[in-house]
Amino acid sequence: TIYLRNVEKQREAEKPDIKKACEEFIEFTDKYSVLPEEMQKFEESISENQIEEYLKEMKAELEKLMISNEDAINLQFQVFKNNLINNNNEVQLVKNQKRTIVIDEYQFDGNQVTVKCYNKLRMTVKSLIGTEEKIENNEFNASEDEIVLQKINGEWKIIYSNLKFNGNTIYYDRSDEVIF
């Protein structure tokens, strides 16, 4: 029982760092689910070089947040890349703000933890109807968000995430297979 109390105390002490890592990852998703403002254009095309540079920047930032596992990074990168492309077709996602409201549960397993959280997502969407731009704001609760982290060299890193990027799309299922 003393051992279990010590483990529980240690886990409680880890929660602020885990929450901080989750918040940083959610900030990353906010930033990279939209193109920079100067690239948000309906009428003009964006050069392949601009897109490639932005994707390179995205992957470099993602690598800082994740474990050093090329497969895990590439899988998560592909999800973000596809999400970014899907958000900039006929309708453009102009702004995305996902904020952690409540961390519902921490499920510890050795040096890993699964965080289940409730988020509220606020999106600003721009669409082109004829020659007129229309801007719409949407807000919804993403209650199924899950982030799995591992402690490496004293720092919590993302292994993978199961996030909602819009009102009805989950890009990962429980088996880590990408769903589109």
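The rules we used
- Residues numbered from 1 in each chain as written.
- Predicted model: local features only at pLDDT ≥ 70, side-chain atom pairs only at ≥ 80, totals over all residues.
- Heavy atoms only, no water.
- Helix = DSSP H or I, 4+ residues; strand = E, 2+ residues; numbered from the N terminus.
- Buried < 20%, exposed > 50% of the residue type's maximum accessible area, 1.4 Å probe, protein only.
- Contact = heavy atoms within 4.5 Å.
- Areas by Shrake-Rupley, 256 points an atom, 1.4 Å probe, with all protein chains shown as cover.
- Salt bridge = Lys/Arg side-chain N within 4 Å of Asp/Glu carboxyl O.
- Disulfide = S-S within 2.5 Å.
- Phe/Tyr/Trp six-rings, centres within 6.5 Å; stacked < 30°, edge-to-face > 60°.
- Expected span 1.5 Å × (residues − 1).
- Bend = angle between axes of the 7 residues up to and from the residue.
- Axes fitted to C-alpha atoms, helices over the stretch in contact; angles between N-to-C directions.
- Parallel < 35°, antiparallel > 145°, perpendicular 65-115°, else oblique.
- Left-handed = near helix turned anticlockwise from the far one by under 90°.
- pLDDT = per-residue confidence, 0-100.
- Core = buried A, V, L, I, M, F, W, Y, C linked by side-chain atoms within 4.5 Å.

Caption draft 1: Seen up close, the overall build of the protein. Scanning the protein from terminus to terminus reveals 3 helices and 4 strands. Ordered by position from N to C terminus, the α and β elements of the protein give α-α-α-β-β-β-β. Split into buried and exposed, the 180 residues of the protein put 41% on the buried side. Long-range pairs, those at least 24 residues apart, make up 58% of the contacts in the protein with a sequence separation of at least 6. As displayed, the protein has an accessible area near 10,700 Å², and 45% of this comes from carbon and sulfur atoms.

Caption draft 2: Geometry of the pattern of salt bridges. Overall, the coordinates contain 9 salt bridges when judged by the stated rule. Lys157 serves as the salt-bridge partner of Glu155, at 3.7 Å between the closest nitrogen and oxygen.

Caption draft 3: Molecular detail of the state of the cysteines. Applying the stated criterion across every chain, the model contains 0 disulfides. Here Cys22 stays free of any disulfide, with the sulfur of Cys117 as its closest cysteine sulfur at 6.2 Å. Cys22 sits in the buried class, given a relative accessible area of 2%.

Caption draft 4: Molecular detail of the packing of aromatic side chains. If you walk through the whole model with that rule in mind, you get 6 aromatic pairs. Aromatic pair Phe28 and Phe80: ring centres 5.2 Å apart, planes at 80°, arrangement edge-to-face. Taken as a pair, Phe28 in helix α1 (residues 2–32) and Phe80 in helix α3 (residues 70–86) lie far apart in primary sequence, 52 residues in all. A single burial state applies to Phe28 and to Phe80, both of which are buried. When the centroid spacing of 6.3 Å and the interplanar angle of 15° are considered together, the rings of Tyr106 and Phe108 count as stacked.

Caption draft 5: Spatial organisation of α1. Spanning 31 residues, α1 covers 45 Å between terminal C-alpha atoms, matching the ideal 45 Å at 1.5 Å per step. The largest bend in α1 comes to about 35°, at Lys15, with the proline Pro16 one to four residues further on. Along α1, the residues classified as buried are Val7, Glu14, Lys15, Ile18, Ala21, Cys22, Phe25, Ile26, Phe28, Thr29, Asp30 and Tyr32.

Caption draft 6: Local environment of the packing of helix α2 (residues 48–65) against α3. Orientation of α2 relative to α3, taken along the N-to-C sense of each, is 140°, at an axis distance of 10 Å. Classified by the interaxial angle, the pair formed by α2 and α3 is oblique. In the packing of α2 onto α3, the handedness of the crossing is right-handed. Of the residues in α3, those touching α2 at Tyr54, Leu55, Met58, Lys59, Leu62 and Glu63 are Ile73, Asn74, Gln76, Phe77, Phe80, Lys81 and Leu84.

Caption draft 7: Spotlight on unusual backbone geometry. The backbone phi angle of Asn153 is positive, close to 50°, even though this residue is not glycine. With respect to the helices and strands, Asn153 occurs in the loop between β3 (132–152) and β4 (155–162).

Caption draft 8: Looking closely at the confidence of the model for the protein. Confidence in the prediction of the protein, expressed as mean pLDDT, is 81, and 78% of residues score 70 or more. Within the model, pLDDT remains below 50 along residues 168–180, and this stretch shows 33 contacts once partners closer than five positions in the same chain are excluded.

Caption draft 9: Focus on the nonpolar core. Counting 30 residues, the largest nonpolar core has Ile18, Phe25, Phe28, Met58, Leu62, Ile147 and Leu149 as its most contacted members. The set of elements that each furnish at least two residues to this core consists of α1, α2, α3, β1 (91–109), β2 (112–129), β3 and β4. Here this core gets 7 residues from one element, more than from any other, and that element is α1. If we ignore the near neighbours within four places in the chain, the residues touching Leu62 are Phe25, Phe28, Ile73, Gln76, Phe77 and Phe80.

Caption draft 10: Local environment of the environment of Asp145. Note that Asp145 resides in strand β3. The class of Asp145 is buried, set by a relative accessible area of 2%. Between the C-alpha atoms of Asp145 and Asn119, which are 26 residues apart in sequence, the distance is 7.4 Å.

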